[in-house]
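# An overview of the molecular structure
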Amino acid sequence: MAMQISFDSVTADYQIGPIRSPRVLDSIDLLLPAGSFTAVIGHTGSGKSSLLKAMNGLIIPYDGKVTIGQTTIKAGKNKKALRAIRQKVGMVFQFPESQLFAETVEKDICFGPLNFGVSLVEAKSIARVVLKQVGLEPSILSKSPLSLSGGQKRRVAIAGILAMQPDILVLDEPGAGLDPIGKREILQMITAWHKEKKLTTVIVTHDMDDVALYADDVVVMEHGQVVKHDKVRSFFTDVNQLNEWHVDVPQARSLQLQIEQETGIKLPGVCLTLPELADALIEVGIV
Amino acid sequence: MNKLILGRYFPGDSWIHRLDPRAKLVAAIYFIFVLFLANNWQTYVFLWLFTTAVILLSNISIRTYLRGVRPLIWLILFTVFLQVLFTAGGEIYVDLGPITISKFGLINGFYIFCRFIMIIFISTVVTLTTKPIDLTDGMNALLRPLRKLKVPVDELSLMLSISLRFIPNLLDETQKVMDAQRARGTEFGEGSLVKQMKTLVPIFLPLFVSSLNRAEDMANVMEVRGYQSDVKRSTFRQLSWQQKDTISLLVMAMLTVALLVLRSNGFGH
């Protein structure tokens, strides 16, 4: 069942060691509807990762509240709420392969479900399902996660999150450091899972083509604030505004703008993918 | 994990920050020895004044220093407790056979408590105000005479500087892995001792793996860049001994004289 995520004037600090970063989230109001697929973009240090952590109760706001489905997190003790939220929200960190620890892939994937009280038998059967979902063979289950290749490790780590059967999936640059094909496969796999399980998905990315291809909505962050929350298509319409935020334009859209400038013909609509662009070109009779 | 102050550097530009690391190291080590000269309340008051003055000069809030004491407080209290119980003499308040709480015991316990706290404060002053890299340079310079005895001083200081260099990385990484496992439903600091120890496995294993990987990368990079251990090398950062460093050592000498004057000779009054 899909759940909505809502931020109600959330302000939070982040502390690591003696270094305190004040207001990594600065009075954020945000509503991500149930079933939406949202991409979060922004510069390094703009608060993207902190926004994701706040969705999982890893950062507790000192002002305002975060509501996930029916559960609310605000300043103070939230022990019960935190447990409930972490069960519902599956979080894939940046380079998630660094969290693998168990002797076998199977044990690592079962770790999350077992923590939330799923029986061992059930956890093992879930492990098989999610492993297939991330495109790995069952024969890998008995191997050590450390013996796998980088791409395989990434998939196992993601499988470990999917195995918790979350209603909300939160991913911090799931494709970082992978080759283009591996990255595309991971994102397609996540999109498929998003549709099949009717999840609410939030993804941090730097690649505008990812935004154009996979997301429905886009959130732009700057200095801990949400400066824009829009549908992807209307977001990429106003190119001047995008330049102001130093946001790139997806390849297809960029090509469209170039063609429009060269030919002087305005294409109907905003093209986000190459097939869309091809259709638009045929429609106006350029090709 | 985030509360660990010992071994962290706080950037700043105080008088203490600008001292030569060699002077700071010598002064701090000397202070620990000189501490044992104190044996009455006058000397302890004097030492506290000195410690407070140094802390004020470092321009770092006293709360930071107190946080540095926190991880060690139980060890200190345990030692003080033993001291209180097993020192006899003076007026006796509680008597349980071999275990007594006496006037001397309480006074001694209090002195030892002060001694511990001051040692921690002063050594924290050194680590908080000196860049780790300067600290190793200073140590290297101080240990240099040992080279004649075939002690591998340069290798040791290289090892030290590499490990100090990676403490912040390790802390950040620990935080990351803890967050990741928390997101998978681990609850830290809950349940029985065995259960709590089990929750540490998912943290330490990934940390070991990444540390080993990093060590190997580091070794490769050093080799590629032509590092050799048994050659004489010059230093990029030059330490320069200035007037204020001499002054700081003179202050330590004056402290010693003052303590010698103030301390009571013999035991008891």
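Given the structure is predicted, the values throughout are model-derived calculations rather than measurements.

Across soluble globular proteins, nonpolar side chains have a tendency to be buried as a group. Core analysis: the biggest nonpolar cluster contains 49 residues, and A:I109, A:F235 and A:F236 have the highest contact counts within it. Of the residues forming this core, the biggest block, six residues, is contributed by helix 5 (residues 150-162) of chain A. Here A:F236 is in contact with A:M208, A:V211, A:L242, A:D248, A:P250, A:R253, A:V270 and A:L272, once residues within four sequence places are set aside. B:I16, B:L47, B:I117 and B:M118 belong to the second largest nonpolar core, which has 35 residues in total.

Every contact between the two is made by 27 residues of chain A and, on the other side, 21 residues of chain B. Of the roughly 2200 Å² buried between chain A and chain B on both sides combined, carbon and sulfur atoms contribute 58%. Remark: the boundary between chain A and chain B carries three salt bridges. B:R184 is the salt-bridge partner of A:D108, the closest N and O atoms lying 3.0 Å from each other. For the pair chain A and chain B, the interface holds four residue pairs in polar contact (both at pLDDT 80 or more).

With that out of the way, let us pick up the UniProt feature "transmembrane region" (unreviewed entry) in chain B. Residues and elements named next belong to chain B. Per the UniProt annotation, the sites labelled "transmembrane region" (unreviewed entry) are residues 21-38, 44-60, 72-94, 106-129 and 247-266. End-to-end, the C-alpha atoms of residues 21-38 are 26 Å apart, and along that stretch the chain is 78% helix and 0% strand. Between the end C-alpha atoms of residues 72-94 the distance is 28 Å, and the span holds 61% helix and 13% strand.

This part takes up unusual backbone geometry. With a phi close to 50 degrees, A:H223 is a non-glycine residue in the positive phi region. Following the sequence through the fold, A:H223 ends up in the loop between strand 9 (217-222) and strand 10 (225-231). At B:N59, a residue that is not glycine, the phi angle is positive and equals roughly 60 degrees. Tracing the sequence through the fold places B:N59 in the loop between helix 2 (41-58) and helix 3 (62-69).

Let us look at the confidence of the model for chain A. The predicted model of chain A has a mean per-residue pLDDT of 90, with 98% of residues at 70 or higher. The least confident element of chain A, judged by mean pLDDT, is helix 9 (residues 239-244) of chain A at 86; the most confident is strand 8 (residues 200-204) of chain A at 96.

On to the domain arrangement of chain B, then. Residues and elements named next belong to chain B. Looking at chain B, the domain boundaries give domain 1 (1-150 + 239-269) and domain 2 (153-228). With centres defined by C-alpha atoms, the gap from domain 1 to domain 2 works out at 30 Å. Tallying the contact residues gives eleven residues for domain 1 and nine residues for domain 2. Where D154 meets R147, a salt bridge forms, and the shortest distance between an N and an O atom there is 3.2 Å. Between the two partners, domain 1 and domain 2, sit two residue pairs in polar contact (both at pLDDT 80 or more).

Turning our eyes to something else, we now look at the packing of aromatic side chains. A full pass over the atoms with the stated rule returns seven aromatic pairs over all chains. Seen in terms of ring centroids, B:Y44 and B:Y111 are 4.3 Å apart; in terms of plane orientation they differ by 20 degrees. Their pairing is stacked. With B:Y44 in helix 2 and B:Y111 in helix 5 (residues 103-129), the pair connects residues that are 67 residues apart, well separated along the chain. Using a relative accessible area of 4% as the deciding quantity, one classes B:Y44 as buried. Accessibility expressed as a relative area gives 15% for B:Y111, which makes it buried. Grouping aromatic residues by their ring pairs yields a cluster made of A:F235, A:F236 and A:W245. The ring of A:W193 is capped by A:K197, whose NZ or CZ atom sits 5.1 Å from the centre of that ring.

What follows concerns the sheet that holds strand 8 of chain A. Strand pairing in a sheet relies on backbone hydrogen bonds, with the paired strands running either antiparallel or parallel. All names here are of chain A. The strand order 6-7-8-3-9-10 describes an open sheet built from six strands, whose pairing is mixed. The open sheet has two edge strands with one neighbour each: strand 6 (89-92) and strand 10. If you compare each strand with its neighbour and ignore which way they point, the axes differ by 15 degrees on average. Here strand 3 (residues 37-42) pairs with strand 8 via four bridges, running parallel. What sits directly across from V40, in strand 8, is V204. On top of the sheet, helix 2 (residues 79-88) reaches strand 6 and strand 7 (168-172); it is set at about 65 degrees to strand 6, its chief contact. Running at roughly 165 degrees to strand 6, helix 5 makes contact with strand 6 and strand 7 of the sheet.

A side chain of one charge can pair with a side chain of the opposite charge when the charged atoms of the two come close. Under the counting rule described, the total for this entry stands at 20 salt bridges over all chains. A:R83 is the salt-bridge partner of B:E187, the closest N and O atoms lying 2.9 Å from each other. Linking B:E187 in the loop between helix 7 (153-183) and helix 8 (193-198) with A:R83 in helix 2, this pair reaches from one chain into another. Given the relative accessible area of 30%, B:E187 is considered partly exposed. Across the pair A:K266 and A:E260 runs a salt bridge, and its minimum N-O distance is 3.8 Å. Looking at A:K266, the relative accessible area reads 67%, which means it is exposed. Judged by its relative accessible area of 11%, A:E260 is buried. Look at the salt bridges and you will find they share partners, linking A:K53, B:D179 and B:R182 into a network.

Turning our eyes to something else, we now look at helix 2 of chain B. Residue and element names in this part refer to chain B. In this model helix 2 runs 26 Å from its N-terminal to its C-terminal C-alpha over 18 residues, within 8% of the 26 Å that 1.5 Å per residue would give. Among the residues of helix 2, T43, Y44, L47, F50, T51, V54, I55 and S58 are the ones counted as buried. Seen from one end, helix 2 has its buried residues packed into an arc of 135 degrees, which puts them on one side. Relative to its buried face, helix 2 has exposed residues pointing more than 90 degrees away, namely W41, L49 and L56.

Our next topic: the domain arrangement of chain A. All names here are of chain A. Assigned domains within chain A: domain 1 (5-236) and domain 2 (250-287). The centre of domain 1, based on its C-alpha atoms, is set 34 Å off from the matching centre of domain 2. In this assembly, seven residues from domain 1 lie in contact with seven residues from domain 2. Summed over both partners, the interface of domain 1 with domain 2 buries about 680 Å², with 60% contributed by carbon and sulfur atoms. Considering only the side of domain 1, the residues that lose the most area to domain 2 are D209, R233 and F236, jointly responsible for 71% of the buried surface there.

Reading the values: the criteria
Residues numbered from 1 in each chain as written. Chains lettered and ligands numbered in written order. Predicted model: local features only at pLDDT ≥ 70, side-chain atom pairs only at ≥ 80, totals over all residues. Heavy atoms only, no water. Core = buried A, V, L, I, M, F, W, Y, C linked by side-chain atoms within 4.5 Å. Buried < 20%, exposed > 50% of the residue type's maximum accessible area, 1.4 Å probe, protein only. Helix = DSSP H or I, 4+ residues; strand = E, 2+ residues; numbered from the N terminus. Contact = heavy atoms within 4.5 Å. Buried area = accessible area lost by both parts, 1.4 Å probe. Salt bridge = Lys/Arg side-chain N within 4 Å of Asp/Glu carboxyl O. Polar contact = N/O pair within 3.5 Å; in protein donor to acceptor, adjacent residues only side chain to side chain. UniProt positions renumbered as here; feature names shortened; annotations may be inferred. pLDDT = per-residue confidence, 0-100. Domains from an automatic or database assignment. Phe/Tyr/Trp six-rings, centres within 6.5 Å; stacked < 30°, edge-to-face > 60°. Lys NZ or Arg CZ within 6 Å of the ring centre and 35° of its normal. Pairing = 2+ DSSP bridges. Axes fitted to C-alpha atoms, helices over the stretch in contact; angles between N-to-C directions. Expected span 1.5 Å × (residues − 1). Arc of directions from axis to C-beta.

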